[in-house]
Amino acid sequence: ETGVTQTPRHLVMGMTNKKSLKCEQHLGHNAMYWYKQSAKKPLELMFVYSLEERVENNSVPSRFSPECPNSSHLFLHLHTLQPEDSALYLCASSPLAGTRNTQYFGPGTRLTVL
Amino acid sequence: ILNVEQSPQSLHVQEGDSTNFTCSFPSSNFYALHWYRWETAKSPEALFVMTLNGDEKKKGRISATLNTKEGYSYLYIKGSQPEDSATYLCAFISDNYGQNFVFGPGTRLSVLP
């Protein structure tokens, strides 16, 4: 399998549930990203990891908890979410974390919080 | 808060028409600009990374120009085809904001056969 994969593709959860989104890249990249796209809003960067270290956290609420156990895998742990957190969550990777590097995106997880 | 705008919001063109749209961004502290194409139900796909004022990049029928002094980039599509139908996103990076990509809202292009 090549490129950036994300699972699950769709997720429905209640406000009290705990769930995790998974991202895997098969490109040998060293940087990985989580983005959020809410309805009628631009894509928003949430987290950046470079060589498994978090280098950027754009004031994301603590109910979103990222984890990067190695350079190929990235998780987003979700707990006590709100209905307004319903959105498309995209993962991306790039060779290095520099902002002049092309990012390669996964297909996204469509999250619905009831 | 950095503001990145794209215009038009959407447009419909006939197959074979050429078209262009605009990404506007702050003209100070420019570091890089990315263009992406995002087809429905697919992943965003990188088109160009632009870094220097006056840059012109080309990929097949698609090209882009960059003016960092006035804060805009144009994306051109020559001879549009139905498969060009997608949302085109630009992302601005300021050297004041490190890793922060600020995306525009996108231009949704529909090419009618």
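Calculation notes
Residues numbered from 1 in each chain as written. Chains lettered and ligands numbered in written order. Predicted model: local features only at pLDDT ≥ 70, side-chain atom pairs only at ≥ 80, totals over all residues. Heavy atoms only, no water. Contact = heavy atoms within 4.5 Å. Buried area = accessible area lost by both parts, 1.4 Å probe. Polar contact = N/O pair within 3.5 Å; in protein donor to acceptor, adjacent residues only side chain to side chain. Helix = DSSP H or I, 4+ residues; strand = E, 2+ residues; numbered from the N terminus. Nonpolar A, V, L, I, M, F, W, Y, C, P; charged D, E, K, R; others polar. Phe/Tyr/Trp six-rings, centres within 6.5 Å; stacked < 30°, edge-to-face > 60°. Buried < 20%, exposed > 50% of the residue type's maximum accessible area, 1.4 Å probe, protein only. Pairing = 2+ DSSP bridges. Salt bridge = Lys/Arg side-chain N within 4 Å of Asp/Glu carboxyl O. Axes fitted to C-alpha atoms, helices over the stretch in contact; angles between N-to-C directions.

Brief notes about the interface of chain A and chain B
Moving on, step 1. At the interface, 23 residues of chain A touch 21 residues of chain B.
Moving on, step 2. Here chain A packs against chain B, burying approximately 1800 Å² in sum over the two surfaces, 61% of which is carbon and sulfur.
Moving on, step 3. When the area that chain A buries against chain B is broken down by residue, the three leading residues are A:Thr99, A:Arg100 and A:Phe105, summing to 39%.
Moving on, step 4. Our count for the contact surface shared by chain A and chain B stands at three residue pairs in polar contact (both at pLDDT 80 or more).
Moving on, step 5. Those elements giving two or more residues to the side of chain A that touches chain B turn out to be strand S4 (31–37), strand S5 (44–50), strand S6 (53–57) and strand S9 (87–94) of chain A.
Moving on, step 6. When the residues that make up the side of chain A that touches chain B are grouped by side-chain class, the tally is 12 nonpolar, eight polar and three charged.

Notes on the packing of aromatic side chains
Residue and element names in this part refer to chain B.
Moving on, step 1. Scanning all chains against the criterion turns up 13 aromatic pairs over all chains.
Moving on, step 2. Geometrically, the ring pair formed by Tyr36 and Phe103 is tilted, given 5.9 Å between the ring centres and 35° between the ring planes. One end of the pair, Tyr36, is in strand S4 (residues 30–38); the other, Phe103, is in strand S10 (residues 102–103), with 67 residues separating them in the sequence.
Moving on, step 3. Judged by relative accessible area, which is 4%, Phe103 ranks as buried.
Moving on, step 4. When the centroid spacing of 6.1 Å and the interplanar angle of 75° are considered together, the rings of Tyr74 and Tyr76 count as edge-to-face.

Some thoughts on the pairing of strand S8 (residues 73–79) of chain A
Residue and element names in this part refer to chain A.
Moving on, step 1. When you tally the buried positions in S8, you get five out of seven residues, the bulk of the element.
Moving on, step 2. Bridging between strand S3 (residues 18–25) and S8 involves seven bridges; their strand directions are antiparallel. Bridge assignment links Ser20 to a residue of S8, and that residue is His77.
Moving on, step 3. Pairing analysis gives five bridges linking strand S7 (residues 64–70) to S8, with the strands arranged antiparallel. From the neighbouring strand, Glu67 faces S8, where its bridge partner is Phe75.
Moving on, step 4. From the end of S7 to the start of S8, which pair antiparallel, there are two residues.

A few points about the pattern of salt bridges
Residue and element names in this part refer to chain B.
Moving on, step 1. Overall, the coordinates contain five salt bridges over all chains when judged by the stated rule.
Moving on, step 2. For Glu39, the salt bridge is made with Lys42, and the minimal N-O distance between the two is 3.8 Å.
Moving on, step 3. Under the relative-accessibility criterion, Glu39 is labelled partly exposed at 22%.
Moving on, step 4. With a shortest N-O distance of 2.8 Å, Asp84 and Arg61 are connected by a salt bridge. With Asp84 in the loop between strand S8 (72–77) and strand S9 (86–94) and Arg61 in the loop between strand S6 (56–59) and strand S7 (62–67), this residue pair connects regions lying 23 residues apart in the sequence.
Moving on, step 5. One connected set of salt bridges, linked through shared partners, spans Arg37, Glu45 and Lys59.

Observations concerning the sheet that holds S8(A)
All names here are of chain A.
Moving on, step 1. One open sheet holds the four strands; their spatial order is S1-S3-S8-S7, and the pairing between them is antiparallel. At either margin of the open sheet sits one strand with a lone partner, and together these are strand S1 (4–7) and S7. When strand polarity is set aside, the average angle formed by the axes of neighbouring strands in this sheet is 20°.

Some points on unusual backbone geometry
Moving on, step 1. The omega angle of the peptide bond from A:Thr7 to A:Pro8 is -10°, so this bond is cis rather than trans.
Moving on, step 2. Its place among the elements puts A:Pro8 in the loop between S1 and strand S2 (10–13).
Moving on, step 3. The step from B:Ser7 to B:Pro8 runs through a cis peptide bond, and the omega angle for that step is -5°.
Moving on, step 4. Along the chain, the position of B:Pro8 falls in the loop between strand S1 (5–7) and strand S2 (10–14).
Moving on, step 5. The phi angle at A:Lys40 is positive, at roughly 60°, despite the residue not being glycine.
Moving on, step 6. Within the secondary structure layout, A:Lys40 lies in the loop between S4 and S5.
Moving on, step 7. Of note, A:Leu51 is a non-glycine position whose phi angle comes to about 50°, a positive value.
Moving on, step 8. Judged by relative accessible area, which is 52%, A:Leu51 ranks as exposed.

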